[in-house]
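Residues per chain, in single letters:
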Amino acid sequence: MLKIKEDLLQYVWQHKLTTTNEFISTTNNKIKIIHFGTLNQDSGPDFFNAKIKVNELILAGNIEIHVKTSDWEKHGHQFDESYSNIILHVVYEHDREIAQNTENLVEVIELKQFLSPHLIVKYQKLLESKNKIPCQNSFDKIEDFKFSSWLQRLSIERLEKKTERIEQLFFEFNGDYHQTFYTLLLSAFGFKTNALPFELLAKQLPYNVLIKHSDQLFQLESLLLGTSGFLDEQFEDNYLSQLSNEFIFLQAKYKLIPLDKRLFKFSKMRPANFPTLRLAQFAAFFGHGCQVLSNFNQLSNLNQVMNIFNISVSEYWKTHYSLGGNKVNNTDTLGKDSAEKIIINAIVPFLFFYSRKVNQDLLRENALGLLSNCKWEENKKTKLFLKLRKPDYSAADSQAMINLFDNYCSKKRCLNCNVGMDLLKRN
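I will try to describe carefully the structure that is included in this document. These numbers were taken from a predicted model, which means no experiment stands behind them.

1. Some details on the overall build of the chain
So, point 1. Along its length, the chain carries 17 helices and seven strands.
So, point 2. By the compact-globule yardstick of 22 Å for 427 residues, the chain is too spread out, its C-alpha radius of gyration being 29 Å.
So, point 3. Taking the principal axes of its C-alpha atoms as reference, the chain extends roughly 95 × 45 × 40 Å.
So, point 4. When burial is assessed residue by residue, the chain has 51% of its 427 residues classed as buried.
So, point 5. In the chain, of all internal contacts separated by at least 6 residues, the share reaching a separation of at least 24 is 62%.
So, point 6. Here the chain holds 52 positive side-chain charges and 48 negative ones, and the gap between their average locations is 5 Å.

Laid out in structure tokens, this is it:
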């Protein structure tokens, strides 16, 4: 049994997908649609500024769309003044007369006789699809240029969503760009598992404290590991003991309050991802690149940005993954894949945010350029699309596809997706 939804009717009306623009109303009057109106994304009538011709009378105003005529009262529109200028009530099924229409001489069009059954069946199949990508069986019908242009929009949309989060941090830090950027970077060094405790660390250990010691790797390690709570014990290792003593001095100087080290996760992680090693890498990264990172206009070229990640950790961390752990022969520093993840998740979103704040289009283009030059991200979500199309993709595309899956495919928002809309419009 077909289940009609109001958003489908709005979609049909917006894209003029009825079989005609000349209708017969439920009172047997001739209705010609001169202008279907503009879809309203906020509260109030569904379409603004429409124009219709009822027999020989031309009317201008708003149009409301429902599955059933009685939905008008079910939705409480009779108590809302914003619905007082309705010139047409469009419904899929006219189930009964309502006072608003009869008293105000508002015509009703019953759409079901003017819709293509094929369109409704296609939409129903999308809604009932068990596939993770509802339209995957028809995906090859979408032209490459249409899909590419949609990915570009989705990539920007995902950046805009990330900007909302950065805006919150910026407000929390009283408009401090450097503290905001530093927080994003440190959180990104925690990657998915330790992103939150690393963000808490950035708030506990402010940028204006860390930058004072940017030329002293030993002190950077002491501040980061100590404020994380990892230096709160007695160590037999001489280097760790020195770090601990240094932190006692710096903690008193800056009145730092260490976090509970139990916030940081080690379980089921490869040693190369241990938070202790990541903090040591961030210390080297911060000391090596703080001058470049403090000048946002320099973050334009991928090779230049990648050079900031060309770091060398202290001797202790070249042979350890954790404090007091067993020695190892080799410990990798930050790899290219990890560096690009940080660029994608911290540097690019911040540049995009900052470009808006200072109204510089060049910075925005720099951000988008960095994203386009980073390598495609392979994960469970992006792999779903690789099964359907296999051109060369960049990180801009993978970010777009993550957005496509999270906010369209998984939510069955096919009517809001350019791919879904293109498929539905096809005969």
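Here the narrative resumes, following the displayed structure.
2. Considerations on the nonpolar core
So, point 1. Counting residues in hydrophobic clusters, the biggest one holds 79 residues, and the most contacted among them are Phe282, Phe309 and Ile347.
So, point 2. By residue number, the principal contributor to this core is helix H13 (residues 336-358), which donates twelve residues.
So, point 3. Once residues lying within four places of it in the same chain are set aside, the contact partners of Phe282 are Tyr182, Leu185, Leu186, Phe189, Leu210 and Leu224.
So, point 4. Residues Phe23, Ile65, Tyr408 and Cys417 belong to the second largest nonpolar core, which totals 54 residues.

3. Focus: the pattern of salt bridges
So, point 1. If you walk through the whole model with that rule in mind, you get 18 salt bridges.
So, point 2. Notably, a salt bridge pairs Glu73 with Arg96, separated by 2.6 Å at the nearest N-O pair. Of this pair, Glu73 sits in helix H2 (residues 71-74) while Arg96 is found in the loop between strand S6 (86-93) and helix H3 (99-103), placing the two residues 23 residues apart along the sequence.
So, point 3. When its relative accessible area of 30% is taken as the criterion, Glu73 is described as partly exposed.
So, point 4. One salt-bridge network, in which partners are shared between bridges, spans Arg165, Glu172, Glu199 and Lys203.

4. What to know about the packing of helix H5 (residues 144-172) against helix H14 (residues 361-373)
So, point 1. Their axes nearest at 12 Å, the elements H5 and H14 cross at an angle of 115°. With respect to H14, the element H5 is oriented roughly perpendicular. Both H5 and H14 take part in a crossing whose hand is right-handed. Together, Ser155, Ile156 and Leu159 of H5 and Arg364, Leu368 and Leu371 of H14 make up the contact between the two elements.

5. Digging into the pairing of strand S5 (residues 57-68)
Successive side chains on a regular strand alternate, one facing one side of the sheet and the next facing the other.
So, point 1. Note that strand S4 (residues 47-54) and S5 share six bridges and pair antiparallel. Counted as the bridge partner of Val54 is Leu57 from S5.
So, point 2. The antiparallel pairing of S4 with S5 creates a hairpin that spans two residues between the two strands, and Asn55 there sits at a positive phi of about 55°.
So, point 3. In this sheet, S6 lies alongside S5 in parallel orientation, the contact comprising six bridges. Directly across from Ile65, in S6, lies its bridge partner Val90.

Parameters at a glance
Residues numbered from 1 in each chain as written. Predicted model: local features only at pLDDT ≥ 70, side-chain atom pairs only at ≥ 80, totals over all residues. Heavy atoms only, no water. Helix = DSSP H or I, 4+ residues; strand = E, 2+ residues; numbered from the N terminus. Rg over C-alpha atoms; globule rule 2.2 N^0.38 Å. Buried < 20%, exposed > 50% of the residue type's maximum accessible area, 1.4 Å probe, protein only. Contact = heavy atoms within 4.5 Å. Lys, Arg positive; Asp, Glu negative; His and termini not counted. Charge placed at Lys NZ, Arg CZ, Asp CG, Glu CD. Core = buried A, V, L, I, M, F, W, Y, C linked by side-chain atoms within 4.5 Å. Salt bridge = Lys/Arg side-chain N within 4 Å of Asp/Glu carboxyl O. Axes fitted to C-alpha atoms, helices over the stretch in contact; angles between N-to-C directions. Parallel < 35°, antiparallel > 145°, perpendicular 65-115°, else oblique. Left-handed = near helix turned anticlockwise from the far one by under 90°. Pairing = 2+ DSSP bridges.

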